[in-house]
Amino acid sequence: MFNIITSFLLATCLIGGISAAPASLVEPATTPSYTDVELQATNFPALTNDNLLPPVEQLALGTLPNGPLPPPGGISADGITNLQLIELNEFFEASFFTSLLSNITKNVPGYEINDEKERNEIINALVAIIAAKELHGIFADKALLSQSQPTIRGCHFKFPTTTFDGAIALAATFTDVVLGTLQDVIEIFAINNDDSLTRGVASVVGQEGQQDGFFRLLEKKGKVPSELPFLTTSTRDFAFSFLEQSVVVSCPNNNDDVLKQKLKIFGVLNLLTTNIEPKDQTLQFSFDLKSLDATYGNSYRSAYDWSEVSLVYINQQNTPIVEKVQNVQVDGIQVTFEAFFPYTENLLNGLTIAAVTRCGGPFADASAVAEETLFAPAFIEIN
Ligand SMILES: *[C@@H]1O[C@H](CO)[C@@H](O)[C@H](O)[C@H]1NC(C)=O
């Protein structure tokens, strides 16, 4: 709609230089259906064949931005890392929702939706969501190509969910993480003078927020669609650690190595307490020292005093909360401990990111926490 109006105005104002027809007026070669999206999301042929873009745009109900990309050399090194992380994440999300859509349409046990109207609404929403994620990923890919920088295509992902409710709860959580991480991405673009990319990413933040409201209602737990007045922030390291720890199986030619050179993969932090309620309480966590080796080597395995680490909570736009670890039990390379969760004083609703840090801070912000983090992220969702 926006594109049609813009080009109409441009045409009547007789401003030259705009020759391409708006993509929304291009007839797709075939009538798109969700099976096309399924195909696109697993193979992404539209990445390499621009003729396959219009059907994806039809399903996404809108187009790729049609303005010029920054000139070669026009994106900073950190800006390139932002785009590579966005590409990896968007294609993970497209794959996840494609798997979910396939499970729903095939009535896989655990994914049956009996109410026909509701089932159709969910299928329609997922088709648009998948196509939008592909366009987000393709946008990042094209921006990377414009700079002759490595793209992160074709990775293989695994999904930890086996029911519709579980998948929606996970979707709400990883979308929250994306909403927090894109704050970091926009700040890094801004610091590095990549201002031409900030507006487009801000438009995606809103789009993902709309999805999140939908997931929150689908959870049917009486949640309000908008989670918090100021959404929880995250950093690229926390998002990349989640992706590499939990969902990335492999990438062709290890093309995600460019991200491993720039971003950290922390050790795995397990949250053992389940069904966390909105109240002050003590939470149980564990970690396995082996999961630290890839990033920090095995020097932490011996002679490290684990009662010296801290548990940090990142929630909303507030200064990170530091808690002492309690009741630390070391059993070989397995460490379990407890930490207080100060819900009442801080109104810890929505997403909270937990991290184990080397020192006790105080930490000015989430980036300062990531600098000192050993194990993370664990995600807590309340209300
Ligand atoms: C779809 O179902 C399969 C088989 O149960 C499961 O392994 C996979 O995780 C499911 N996908 C999602 C996104 O839940």
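This text goes with the structure placed above it.
One structure accompanies this document, and this report is about it. All residue numbers refer to positions counted from 1 along the written sequence of the respective chain. For this predicted model, a pLDDT threshold of at least 70 governs which residues receive local features, and a threshold of 80 or more governs which side-chain atom pairs are given and counted, while totals over whole chains, interfaces and linings are taken from all residues. Based on all heavy atoms of the structure, the side-chain values leave hydrogens and waters out of the count.

1. Focus on the state of the cysteines
Our working definition: Note on disulfides: each one is a pair of cysteine sulfur atoms within 2.5 Å. Think of it this way: any DSSP run of H or I at least four residues long counts as a helix, any run of E at least two long counts as a strand, and we number them from the N terminus. To sort residues, take the accessible area from a 1.4 Å probe on protein chains only and compare it with the maximum for the residue type: under 20% means buried, over 50% means exposed, and anything in between is partly exposed.
Summed over all chains, the structure comprises one disulfide. Across a sulfur-sulfur distance of 2.1 Å, Cys155 and Cys251 are joined as a disulfide pair. Its S-S torsion of about 105° marks the bond between Cys155 and Cys251 as right-handed, since a negative value means left-handed. Placement of Cys155 in the loop between α5 (116-146) and β1 (156-157) and of Cys251 in the loop between β2 (248-250) and α9 (257-262) is noted, with a sequence separation of 96 residues between them. Across the pair, Cys251 and Cys155 agree in class, each one buried.

2. Some points on the sheet that holds strand β8 (residues 334-341)
Our working definition: Pairing between strands is defined by DSSP: at least two bridges between the two strands are required. Note on geometry: axes are lines fitted to C-alpha atoms, helical ones only across the stretch in contact, with angles between N-to-C directions running from 0 to 180 degrees.
In space, the four strands of this open sheet follow the order β3-β4-β8-β7, with antiparallel pairing throughout. The two strands at the open ends of the sheet, each matched to only one other strand, are β3 (269-271) and β7 (326-331). Taking each pair of neighbouring strands and ignoring which way they run, the sheet shows an average axis angle of 25°.

3. With respect to helix α7 (residues 198-218)
As a reminder of what qualifies: Given the number of residues in a helix, its expected span is that number minus one, multiplied by 1.5 Å. Residues count as neighbours in contact if any of their non-hydrogen atoms are within 4.5 Å of one another.
With 21 residues, α7 should reach 30 Å at 1.5 Å per residue; the first-to-last C-alpha distance of 30 Å fits that figure. Along α7, the residues that are buried comprise Thr198, Val201, Val204, Glu208, Gln211, Asp212, Gly213, Phe215, Arg216 and Leu218. Close packing links the buried residues of α7 with α4 (77-105), α5 and α6 (164-191). Positive phi shows up at Lys220, right after α7, with a value of about 55°.

4. Brief notes about the pattern of salt bridges
How we decide: Salt bridge criterion: a side-chain nitrogen from Lys or Arg within 4 Å of a carboxyl oxygen from Asp or Glu.
This structure, assessed with the given rule, holds 13 salt bridges. Measuring nitrogen to oxygen at the nearest pair gives 3.5 Å for the salt bridge that ties Arg216 to Glu227. Of this pair, Arg216 sits in helix α7 while Glu227 sits in the loop between α7 and α8 (236-247), and the two are eleven residues apart along the sequence. For Lys223, the salt bridge is made with Glu219, and the minimal N-O distance between the two is 3.2 Å. A relative accessible area of 15% means that Glu219 is categorised as buried. The structure contains a network of salt bridges with shared partners spanning Glu93, Lys133 and Glu208.

5. Some details on the layout of surface pockets
The criterion, for reference: A cavity here means a set of points on a 1 Å grid, drawn over the protein atoms and nothing else, where a 1.4 Å probe fits but cannot get out; a pocket is an open set with protein on both sides within 12 Å along at least five of seven lines, and a residue lines either one if it has an atom within 4 Å of a point. Grid points are joined across faces, edges and corners, and a volume is the space filled by probe spheres set on the points. Residues are grouped as follows: nonpolar covers Ala, Val, Leu, Ile, Met, Phe, Trp, Tyr, Cys and Pro; charged covers Asp, Glu, Lys and Arg; every other residue, Gly included, is treated as polar. As used throughout, domain bounds are those supplied by an automatic or database domain assignment.
Its boundaries defined by the atoms lining it, the second largest pocket holds a volume of some 990 Å³. Lining the second largest pocket we find 30 residues, and of these Thr173, Leu271, Phe379, Ile380 and Glu381 sit closest to its centre. In terms of residue count, the dominant contributor to the lining of the second largest pocket is strand β10 (residues 373-382) (six residues). Classifying every residue of the lining of the second largest pocket gives 16 nonpolar, nine polar and five charged. In this structure, the lining of the second largest pocket is formed jointly by two domains, domain 1 (4-260) and domain 2 (269-382), each of which donates at least three residues.

6. Details of the packing of α4 against α6
Definition in use: Throughout this description, any angle smaller than 35 degrees is read as roughly parallel, any larger than 145 degrees as roughly antiparallel, any in the 65 to 115 degree range as roughly perpendicular, and the remainder as oblique. By convention, the crossing between two helices is left-handed when the near helix turns anticlockwise from the far helix through less than a right angle, and right-handed when the turn is clockwise.
The geometry of α4 relative to α6 is characterised by a closest axis approach of 11 Å and an angle of 165° between their N-to-C directions. Taken as axis vectors, α4 and α6 run roughly antiparallel relative to one another. As for how α4 packs across α6, the hand of that crossing is left-handed. For the contact of α4 with α6, the class distribution of residues is 19 nonpolar, five polar and two charged.

7. Some words on the site of the ligand
Applied cut-off: The criterion for a residue being near a molecule or strand is simple. One of its heavy atoms has to lie within 4 Å of it. Counted as a polar contact is a pair of N or O atoms within 3.5 Å, where, for protein atoms, one must be capable of donating a hydrogen and the other of accepting one, and residues adjacent in sequence contribute only when both atoms are in side chains. Exposure was quantified through the Shrake-Rupley algorithm and a 1.4 Å probe, taking into account, for residues, occlusion by the shown protein chains and nothing else.
The local shell around the ligand consists of Phe96, Ser99, Leu100, Asn103, Tyr111, Phe159, Thr161 and Ala167. Tyr111 is positioned with one of its side-chain polar atoms (N or O) 2.6 Å from an oxygen atom of the ligand. Contact distances for the ligand include 2.6 Å between an oxygen atom and a backbone N or O atom of Thr161. Contact with the protein chains removes 72% of the 360 Å² of surface that the ligand exposes when unbound. Here the shell around the ligand is composed, by residue class, of five nonpolar, three polar and no charged.

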